[in-house]
Amino acid sequence: MPRFVPDSAVVFDLEFTAWEGSMARRWLAPGEFKEVVQIGAVRLDACTLEEVAALNLLVRPRINPVLSSYLENLTGVTNARLAVEGVDFAEAYARFVAFADGGVICAFGRDDLVLEENLQLYGIRDAAPMPPYINVTPWLRANGVEPRGKHACHVGPLCGAAFEGQEHDAVDDARSVAAGIRALVGRGAENIFSF
């Protein structure tokens, strides 16, 4: 029986507040929260897996409004950029859901939970529901790619696709995940967006 492939799907990545050692501490030190500072997304034609649109949103954190120098150096997102380009999380989330346009969203790991954590952290109760979510990690493993200890920026190269851009930039990292998906499907893996 032929499987259903939607018209489009969105691959996304998040950058969120971090400090030296926060990953090892699992953000459990007092005052450490995974507040979203960037949402990067690419909409793909779900059949050809080619990019048809992109979204890049900088987000002003509410609880820790000043980014650490560690995060600035890691991501290239600076306090100066946030002051000029940043929007509130509620607006960014609404724009992201609108960009997904009711379709499936996909990321490396559980970035969906980070979005939900931010909704709860800020007490946002009237937000649009999260679109259907796919974690690409199990699919990578099922297709012979071990992503343990890696980040979204590494997915493309792990799958044989070149990485382009800046590591830990949410849009470039989303493109890396999309490139990895394209590379594996090009070598015969089942399309991750087929149901």
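Before reading further, recall that the structure is shown in the block above.
### A closer look at the layout of surface pockets
Working step 1: For the largest pocket, the calculated volume is near 910 Å³.
Working step 2: What lines the largest pocket is a set of 32 residues, and nearest its centre among them are Phe-16, Met-23, Phe-108, Lys-150 and His-151.
Working step 3: Broken down by secondary-structure element, the contributors of at least two residues to the lining of the largest pocket are strand E1 (8-16), helix H1 (22-25), helix H2 (69-75), helix H5 (111-121) and helix H6 (136-142).
Working step 4: Here the residues of the lining of the largest pocket sort into 14 nonpolar, seven polar and eleven charged.
Working step 5: Reported here for the second largest pocket is a volume of approximately 170 Å³.
Working step 6: Val-42, Leu-44, Glu-51, Ala-162, Phe-163, Glu-164, Asp-172, Arg-175, Ser-176, Ala-178, Ala-179 and Arg-182 are the residues that line the second largest pocket.
Working step 7: The set of elements that each furnish at least two residues to the lining of the second largest pocket consists of strand E2 (36-45) and helix H8 (170-186).

### Quick word on the pairing of E2
Working step 1: Of all ten residues in E2, nine are buried; the element is thus mostly enclosed.
Working step 2: With nine bridges joining them, E1 and E2 adopt antiparallel strand pairing. Bridging from a neighbouring strand, Ala-9 pairs with Leu-44 of E2.
Working step 3: With seven bridges connecting them, E2 and strand E3 (residues 51-60) associate as antiparallel partners. Counterpart to Gln-38 in the pairing with E3 is Leu-58.
Working step 4: From the end of E2 to the start of E3, which pair antiparallel, there are five residues, and Leu-49 there has a positive phi angle of about 65°.

Parameters at a glance
- Within every chain, residues take consecutive numbers counted from 1 along the sequence as written.
- Restriction of local features to residues with pLDDT of at least 70 applies here, the model being predicted, together with a cutoff of 80 or more for giving and counting side-chain atom pairs; totals for whole chains, interfaces and linings are based on all residues.
- Side-chain metrics in this entry use all non-hydrogen atoms of the structure; hydrogen atoms and water are not considered.
- A 1.4 Å probe that fits but cannot get out identifies a cavity on a 1 Å grid over protein atoms alone, an open set with protein on both sides within 12 Å along at least five of seven lines counts as a pocket, and a residue lines either if it has an atom within 4 Å of a point.
- Grid points are joined across faces, edges and corners, and a volume is the space filled by probe spheres set on the points.
- Starting at the N terminus, helices and strands are each numbered in turn, a helix being any DSSP run of H or I of at least four residues and a strand any DSSP run of E of at least two.
- Residues are sorted three ways: Asp, Glu, Lys and Arg are charged, Ala, Val, Leu, Ile, Met, Phe, Trp, Tyr, Cys and Pro are nonpolar, and all the rest, Gly among them, are polar.
- Exposure categories follow from relative accessible area, calculated using a 1.4 Å probe and restricted to protein chains: below 20% of the type maximum is buried, above 50% is exposed, and the middle band is partly exposed.
- DSSP calls a pair of strands paired once it identifies at least 2 bridges connecting them.

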